[in-house]
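A structural walkthrough
The primary structure of each chain is shown beneath.
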Amino acid sequence: MENPALFSVLRSYLEEYGAGVDVINKFTDYWMSIKPHGTLPCPLCFMQNGIISRLVPLVKQHNYEPLKCEACGETLYIPIPDYK
Ligand SMILES: [Zn+2]
């Protein structure tokens, strides 16, 4: 998927969760295979359970767009670029 900014945020969440290099590489491979408007994978579910669960966008808050995982309920905060 062509969204390097979003990918780098999800990747940094993986690193924060303590994911190993192999998990990060798998996540990267999966990301590259996502079609535009495809399912955004939850990094926490991917790391802990090896499953692809869907991140659903919530209402934007200030300069963040929250994404909530349908499976584990984790909320990720994605900075909105160029927020003024
Ligand atoms: Zn999840």
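So, a few notes on the structure that sits alongside this text. As the structure is a computational prediction, the values presented were derived from the model and not from experiment. (Residues numbered from 1 in each chain as written. Predicted model: local features only at pLDDT ≥ 70, side-chain atom pairs only at ≥ 80, totals over all residues.)

Moving on, we get to the overall build of the chain. A count of helical and extended segments in the chain gives three helices and three strands. When the helices and strands of the chain are listed from N to C terminus, the series reads α-α-α-β-β-β. What you see for the chain is a C-alpha radius of gyration of 12 Å, in line with the 12 Å of a compact globule of 84 residues. In the chain, which comprises 84 residues, the proportion classed as buried is 15%. Residue pairs at least 24 apart in sequence account for 38% of intrachain contacts in the chain once pairs closer than 6 positions are excluded. (Helix = DSSP H or I, 4+ residues; strand = E, 2+ residues; numbered from the N terminus. Rg over C-alpha atoms; globule rule 2.2 N^0.38 Å. Buried ≥ 20, exposed ≤ 12 C-beta atoms within 10 Å, placed from the backbone. Contact = placed C-beta atoms within 7 Å.)

Taken residue by residue, a regular strand's side chains alternate between the two faces of the sheet. Bridge count between strand β1 (residues 55-57) and strand β2 (residues 64-69): three bridges; the pairing is antiparallel. Note on β2: the bridge partner recorded for Leu55 is Cys69. A loop of six residues connects β1 with β2, the two strands running antiparallel in sequence, and His62 in this loop sits at a positive phi of about 50 degrees. Bridge analysis of β2 against strand β3 (residues 75-79) gives five bridges, and the strand direction is antiparallel. Bridge pairing in β3 links Tyr64 to Pro79. Between β2 and β3, which pair antiparallel and follow one another directly, the connecting turn spans five residues, one of which, Gly73, has a positive phi of 80 degrees. (Pairing = 2+ DSSP bridges.)

The next thing to look at is the sheet that holds β2. In space, the three strands of this open sheet follow the order β1-β2-β3, with antiparallel pairing throughout. The open sheet has two edge strands, β1 and β3, and neither has a second partner. Taking each pair of neighbouring strands and ignoring which way they run, the sheet shows an average axis angle of 35 degrees. (Axes fitted to C-alpha atoms, helices over the stretch in contact; angles between N-to-C directions.)

We now examine the nonpolar core. Phe27, Trp31, Leu40, Cys42, Leu44, Phe46, Leu55, Leu67, Leu76 and Ile78 form the largest nonpolar core, which has ten residues in total. Looking at this core, the elements that each hand over two or more residues are α2 (21-33), α3 (43-49) and β3. Those residues in contact with Leu44 that lie beyond four places of it in its chain are Tyr17, Cys69, Cys72 and Glu74. (Core = buried A, V, L, I, M, F, W, Y, C linked by C-beta atoms within 7 Å.)

Now for unusual backbone geometry. You will see that His37, though not glycine, has its phi angle at about 65 degrees, which is positive. Looking at where His37 falls in the secondary structure, it is placed in the loop between α2 and α3. Exposure remark for His37: the 7 C-beta atoms within 10 Å place this residue in the exposed category. You will see that His62, though not glycine, has its phi angle at about 50 degrees, which is positive.

Moving on, we come to the environment of Lys68. Within the element layout of this structure, Lys68 appears in strand β2. Take Lys68: there are 15 C-beta atoms within 10 Å of it, and that puts it in the partly exposed class. For the pair Lys68 and Leu58, spaced ten residues apart in sequence, the C-alpha to C-alpha distance is 6.8 Å. Those residues in contact with Lys68 that sit more than four places away from it in its chain are Leu55, Val56, Leu58, Gly73 and Thr75.

Such coordinate-based values are descriptive only and should not be taken to indicate function.
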